[in-house]
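Analysis of the macromolecular model
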Amino acid sequence: MEKLFIKGGQKLQGRIQINGAKNSAVALIPAAILAASEVILDNLPDISDVRVYGEILEELGAKVALDGETMRIDSTEMRLRPMPNGKVKQLRASYYLMGAMLGRFGKAIIGMPGGCNLGPRPIDQHIKGFEALGAVLTHEQGALHIQADKLVGTKIYLDVVSVGATINIMLAACRAQGTTVIENAAKEPEIIDVATLLNAMGASIKGAGTDVIRIKGVDSFHSCRHSIIPDRIEAGTYMIAAAATGGDVTIDNIIPRHLESLTAKLREMNVEIEEEDDALRVKGQNGYRAIDIKTLPYPGFPTDLQQPMTALLTAAEGTSIVTDNIYHARFKHVDHLINMGAKVKVEGRSAVIEGRTPLYGVRVTATDLRAGAALVIAGLMGDGVTEISGVSHIDRGYSRLEEKLISLGAQMWRERKIESA
Ligand code: EPU
């Protein structure tokens, strides 16, 4: 089992490059199988979710070559195979195989997805979309069996704004006869990225990035090369870490507009932020004001940055309230922050954080990806050494985290511990 050790108290200083977006990558990789030819994806993050998704496609018969940040996916020889178990269970985003295989083969058998445990994560809106397009779904022994003699475009209103359902329906609707209209669609930048790839492969998608997306079905797709957008959540995590350590960090290779909600909230706390074309410079200050945060679908404050923010808010003057309207139970990191000296109470879907509580290093566990990010930030802020287990969660989504933080002056290291029986 691997552990991360962080000796807190160093101000982060310098510049770092942000990698491609995890949540785009895990949708673009399955989207590539709609073309029975080679699709090349550039700017992929170096994370385990990307490697595992490549392995899943190989198990399905695709040729996958991952070379640094570039993945070549040739699914010419791919055949319909059931995937009820195995690696699909490790990844939440394996649900995109449902839409992609339905589009490619008219059929899919996929195990119910795994991923971070953030409380209930239903996929009823994905299912509603597939059924509206003409698919028949049954649930057998932990796997979804999906079949359609033909897919026919239609109007689909999403009852909840869902990133996954919007993308999954787009994937299947690309191959439907006629036009599909998704209403109340999610507007996240990753959805625009997926639509950009699909259009480059020959699809006809209009309106991605707004709440109404129109998809005209096409018969076939062709090869293309696509570069993934920067990871706004990775960038946001480093912005919060820079502020939390009173540092001065320039975060390069980003789209500042994707981070507007975070920039606004950090400025409200008194963090100084300078904006350049494709970079943000975050200058930490000595004192911060408490703030309230409510997570919302994009362009609202992202749920994925809520946990890292709770760590930072332990240093603010006054009481902050962080409310997660997307995942009401996404507060598993709080007990660990409390062990580090924080005063936080979870009340319903909110965390109430009493500020100005110094943190100190203890043993903690990353229970999910962004909980891990929160604990890394708390470790950087804390006095003494923080020992973090559950590192595999962090490796799922952060490209070369230690390397980047060490280059900014953090004192941290990784140890592989052989557990005695
Ligand atoms: N929801 C439903 N029914 C559905 C789908 C979603 O009720 O059929 C609910 C969810 O329970 C949640 C809300 O709708 O309350 C939004 O969920 P969404 O479908 O947008 O989430 P997701 O697509 O499963 C993606 C990201 C998450 C991120 C959320 C919200 C990927 C692979 N995952 O999940 O990322 O938190 O959108 O922005 O894109 C992370 O990166 O740490 C992460 C968990």
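Further up the page is the structure itself.
Residues numbered from 1 in each chain as written. Predicted model: local features only at pLDDT ≥ 70, side-chain atom pairs only at ≥ 80, totals over all residues. Heavy atoms only, no water.

A short note on helix H6 (residues 189-200)
For H6, built from 12 residues, the straight-helix expectation of 16 Å at 1.5 Å per residue is met to within 8% by its first-to-last C-alpha distance of 17 Å. Those residues of H6 lying buried are Pro189, Glu190, Ile191, Asp193, Val194, Ala195, Leu197 and Leu198. Downstream of H6 by a residue or two, Gly202 has a phi angle that is positive, lying close to 120 degrees. (Helix = DSSP H or I, 4+ residues; strand = E, 2+ residues; numbered from the N terminus. Expected span 1.5 Å × (residues − 1). Buried < 20%, exposed > 50% of the residue type's maximum accessible area, 1.4 Å probe, protein only.)

Side note on a negative patch on the surface
Together, Glu260, Glu275, Glu276, Asp277 and Asp278 line one region of the surface with negative charge. Mapped onto the elements, Asp278 comes out in the loop between strand S15 (272-275) and strand S16 (279-283). Since its relative accessible area comes to 42%, Asp278 is described here as partly exposed. (Patch = residues over 30% accessible without salt bridge, like charges linked within 9 Å, V, L, I, M, F, W, Y side chains within 5 Å. Areas by Shrake-Rupley, 256 points an atom, 1.4 Å probe, with all protein chains shown as cover. Salt bridge = Lys/Arg side-chain N within 4 Å of Asp/Glu carboxyl O. Lys, Arg positive; Asp, Glu negative; His and termini not counted. Charge placed at Lys NZ, Arg CZ, Asp CG, Glu CD.)

Topic: the site of the ligand
What surrounds the ligand is a group of 26 residues, the closest being Gln125, Ser162, Asp304, Ile326 and Arg370. Measuring from an oxygen atom of the ligand, one finds a side-chain N or O atom of Tyr95 at 2.9 Å. Here a nitrogen atom of the ligand sits 2.8 Å away from a polar atom, N or O, in the side chain of Asp124. Among the detected pockets, the ligand sits in the largest pocket. (Near = heavy atom within 4 Å. Polar contact = N/O pair within 3.5 Å; in protein donor to acceptor, adjacent residues only side chain to side chain. 1 Å grid on protein atoms, 1.4 Å probe; cavity = no way out; pocket = protein on both sides within 12 Å on 5 of 7 lines; lining within 4 Å. Sits in = over half its atoms within 2 Å of the grid points.)

Quick notes on the pairing of strand S19 (residues 343-347)
One ladder, built from five bridges, connects S19 with strand S20 (residues 350-354); its direction is antiparallel. For Lys345, the partnering residue across the bridge sits in S20 and is Val352. Linkage of S19 to S20, two consecutive antiparallel strands, is achieved through a turn of two residues, within which Gly348 is found at a positive phi near 60 degrees. (Pairing = 2+ DSSP bridges.)

Details of the packing of aromatic side chains
Applying the stated criterion across every chain, the model contains two aromatic pairs. Pairing Phe5 with Trp413 gives two aromatic rings, centres 5.6 Å apart and planes at 5 degrees, and the pair type is stacked. Within this pair, whereas Phe5 is found in strand S1 (residues 2-7), its partner Trp413 is found in strand S23 (residues 411-416), the two being separated by 408 residues in sequence. Its relative accessible area of 7% is what places Phe5 among the buried residues. Ring plane angle 85 degrees and centroid distance 4.8 Å describe the contact between Tyr95 and Tyr96, whose orientation is recorded as edge-to-face. (Phe/Tyr/Trp six-rings, centres within 6.5 Å; stacked < 30°, edge-to-face > 60°.)

Quick notes on the side chain of Ser261
For Ser261, the location among the structural elements is in helix H8 (residues 260-269). Excluding anything up to four places from it in sequence, Ser261 contacts Pro299, Gly300, Phe301 and Pro302. (Contact = heavy atoms within 4.5 Å.)

Description of unusual backbone geometry
The residue after Tyr298, namely Pro299, is reached through a cis peptide bond having omega 10 degrees. Following the sequence through the fold, Pro299 ends up in the loop between strand S17 (292-295) and helix H9 (306-313). Of note in this structure, Gln141 is not a glycine but carries a positive phi near 45 degrees. For Gln141, the position within the fold is in the loop between strand S7 (136-140) and strand S8 (143-147).

Here's the deal with the sheet that holds strand S12 (residues 212-216)
Read across the open sheet, the four strands follow the order S9-S10-S12-S11; overall the sheet is mixed. In the strand order of this sheet, the two ends are held by strand S9 (155-157) and strand S11 (204-206), each with one partner. Recorded for the sheet is a direction-independent mean angle of 15 degrees between the axes of neighbouring strands. Relative to S12, strand S10 (residues 179-183) is paired through five bridges, and the arrangement is antiparallel. The partner of Thr179 across the bridge, within S12, is Lys216. (Axes fitted to C-alpha atoms, helices over the stretch in contact; angles between N-to-C directions.)

Honestly, that's just the spatial picture; any functional story needs more than this.
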